Amino acid sequence: MKTELVVECRDLTKNFSGVKALDCVDLQLGRGKIIGLLGPNGSGKTTLIKILNGLLEPTFGEVLIDGEHPGVHTKSVISYLPDKTYFADWMKVNDIFDMFGDFYKDFDREKAEMMCASMGIGLKDKLKTMSKGTKEKVQLILVMSRRAQLYLLDEPIAGVDPAARDYILTTIINNYNEEGTVVISTHLISDIERILDEVVFIKNGVIVRHEAVDDIKEKEGKSIDDVFKDTFRMVPFMGVNGYDR
Amino acid sequence: MTGNLIKYEFRSGLRYIGIIWPALIVSAALLGIVLKVMGNVFPEDPQGIMNILQLIFDLVFPLIYAAIFIAMIVITIFIVLMRFYKGLLGDEGYLMHTLPVKPWQLITSKGIVACAVVMISIVCAVISIFILIGINDINGLLYGAKEFFAVLGEEPRLILVIIEFVILAIIGTMASIYQIYAAMAIGQLTGKHRLLTSLGAYIAINIALTILATVIIVVGDTLCLDVWLSEWLWSIEASAGMNDDGFILVQAGLGAAFVAAAVQLAAFHVITERILSKKLNLI
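All values reported here derive from a predicted model rather than from experimental measurement.

Asker: Talk me through the overall build of chain A; I want residue IDs and the actual numbers.
Answerer: Scanning chain A for helices and strands turns up nine helices and nine strands. Over its C-alpha atoms chain A spans a radius of gyration of 19 Å, differing by no more than 12% from the 18 Å that the globule rule assigns to 245 residues. With the C-alpha coordinates aligned to their principal axes, the bounding extent of chain A is approximately 60 × 45 × 40 Å. In chain A, the proportion of contacts linking residues at least 24 apart, taken out of those at least 6 apart, comes to 70%. In the form shown here, chain A has an accessible surface area of approximately 11,600 Å², with 49% of it arising from carbon and sulfur atoms.

Quick look at the structure:
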């Protein structure tokens, strides 16, 4: 039976060599939403995502995905897009599709092949010889061709040009399982705020805000990008003599 | 799911070494033929042109065989080391560790395939040597085989010993591979200098094993356990009315070696599995 919440974190803490990457995070995410996990670099976004998908163990606290602790079941319902390319160099597109078909029951191969065709990627193309951008596209196809309960997309639009960002976001909103939840981590707010239902602001490993986008806009009368800038504003260094040029 | 993991791991390994195994057999056959035919066709004549040709063949074909042999050893080691390191501790780990399988399944699939690759390489090396011998001295080879089977016919218990040796070789190989895996799993705990730390961990494990073995031998020697044990085994052999040929002693030795290898294998597997489950450190 499906739980009401797809993600539940209680008192989640992660230390790296004494440094707190996450500090007593309490977070509840419902189903059927697109959620922005927003924070500056080093705020703990990737650490949180890695704990959710079982790549890291929390130092304290617990996390439940679809009502269960991270393990075989949670991995079968999470579709994860890391900020790395993870292909084995011997594989062709066909091979990685075979692999996803073997391991994930919710993988829709037909959809993946159609997405490949629309991007001009051949099924017999070798992953090793692809450009970094094409590899990222194949990874996006793999992730979005699953009918997952939880999509964890770690910086999917970082390091790509504005046209590609639009393309990636359109692919995400047109292909995700609407009963599932999409979590997109990024610090490029203006590009994604139009597709978000909720935002989670994270700063120094602490969740400082978790609210619906419409509520924030209604309350503050500002875009999420502006609210983000206000929340994470840093005082620039003005020089030794404090000259403001 | 472990079967699926093994399937993809084999496909990955075969991509590197699949061509080397038949190439070694073919090069051994060619070398054998060259050594036999050239020696028979051309008489000894150091000044003859054909003998220069023979000299070239005599140099080239052994070199090709040796090069493929060395390549097979290097690629086998590469598969054992890098398929684990790149596959589970490098960027590929982002895919492998998020598949809906348990860490022990990932480790086991890598271990089984690495062990199979090592075993097939050893078998190919042995076959290639037999081909070399067989082409040049088929009668000698057949005579050797006949003698071997005659000994087996006289002493069927040797078949059991051979099977036990093969099983021990497989378990021992797996334990050696898992020792490398455990060292790499320890090495990945450090953010930087992972390979150096892995090498250090491997050496440290070897030193620890040597110390442990020495302690066991010294304690056994001090308590005269070896004398007591051998007398006990001889008495069992005598009371069972068996020949006074030390068969039970050999069985006990093989059994002890099997237990030692199995304990090491289990310990290295647990160390690797615990680290990858609790302390995975993908960069």
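Asker: Before we move on, can you summarise the interface of chain A and chain B with the specific residues and values?
Answerer: Contact residues are listed per partner, giving 27 residues for chain A and 27 residues for chain B. Put simply, chain A and chain B have four salt bridges between them. The partner of Glu57 of chain A in a salt bridge is Lys278 of chain B, and the shortest N-O contact between them spans 3.5 Å. Joining chain A to chain B, the criterion identifies 11 residue pairs in polar contact (both at pLDDT 80 or more). Of all the secondary structure elements, the ones that give two or more residues to the side of chain A that touches chain B are α2 (72–77) and α3 (93–103) of chain A. For the side of chain A that touches chain B, the leading source of residues is α3 of chain A, giving seven residues. Of the residues assigned to the side of chain A that touches chain B, the class counts are 15 nonpolar, three polar and nine charged.

Asker: Hey, could you go over the sheet that holds strand β1 (residues 5–16) of chain A for me, with residue numbers and the actual values?
Answerer: Residues and elements named next belong to chain A. With antiparallel pairing, the three strands of this open sheet are ordered in space as β2-β1-β4. Single-partner strands in this sheet number two, and they are β2 (19–30) and β4 (60–65). Sheet twist, expressed as the mean angle between neighbouring strand axes with direction ignored, is 15°. Of the pairings in the sheet, the one linking β1 to β2 comprises eight bridges and is antiparallel in character. Its bridge partner being in β2, Asn15 is matched across the sheet by Lys20. Its contacts with the sheet place helix α1 (residues 45–52) against β1, β2 and β4, and it is angled at close to 120° to β1.

Asker: Residues and numbers for the nonpolar core, please.
Answerer: In terms of nonpolar packing, the biggest core is built from 114 residues, with Cys9, Ile96, Phe97, Met99, Leu142 and Ile172 of chain A together with Leu99 of chain B touching the most fellow members. Looking at this core, the element that brings in the most residues is helix α7 (residues 157–187) of chain B, giving 10 residues. Non-local contacts of Cys9 of chain A, meaning those with residues more than four positions away in its chain, are made with Val25, Asp26, Leu27, Leu48, Leu52, Glu62 and Val63 of chain A.

Asker: So, a nonpolar patch on the surface: which residues are in play, and what are the values?
Answerer: All names here are of chain B. A cluster of nonpolar residues, Leu196, Leu199, Ile203, Ile207, Ile211, Val215, Val219, Leu223, Leu225, Trp228, Leu229 and Trp232, forms a patch on the protein surface that exposes about 1,200 Å² of accessible area. Listing elements by their share of the nonpolar patch, those giving two or more residues are α8 (194–222) and α9 (225–239). With seven residues, the top contributor of residues to the nonpolar patch is α8. Tracing the backbone shows Ile207 in helix α8. Of the residues examined, Ile207 reaches a relative accessible area of 48% and is grouped as partly exposed.

Quick notes on the rules
Residues numbered from 1 in each chain as written. Chains lettered and ligands numbered in written order. Predicted model: local features only at pLDDT ≥ 70, side-chain atom pairs only at ≥ 80, totals over all residues. Heavy atoms only, no water. Helix = DSSP H or I, 4+ residues; strand = E, 2+ residues; numbered from the N terminus. Rg over C-alpha atoms; globule rule 2.2 N^0.38 Å. Contact = heavy atoms within 4.5 Å. Areas by Shrake-Rupley, 256 points an atom, 1.4 Å probe, with all protein chains shown as cover. Salt bridge = Lys/Arg side-chain N within 4 Å of Asp/Glu carboxyl O. Polar contact = N/O pair within 3.5 Å; in protein donor to acceptor, adjacent residues only side chain to side chain. Nonpolar A, V, L, I, M, F, W, Y, C, P; charged D, E, K, R; others polar. Pairing = 2+ DSSP bridges. Axes fitted to C-alpha atoms, helices over the stretch in contact; angles between N-to-C directions. Core = buried A, V, L, I, M, F, W, Y, C linked by side-chain atoms within 4.5 Å. Buried < 20%, exposed > 50% of the residue type's maximum accessible area, 1.4 Å probe, protein only. Patch = residues over 30% accessible without salt bridge, like charges linked within 9 Å, V, L, I, M, F, W, Y side chains within 5 Å.

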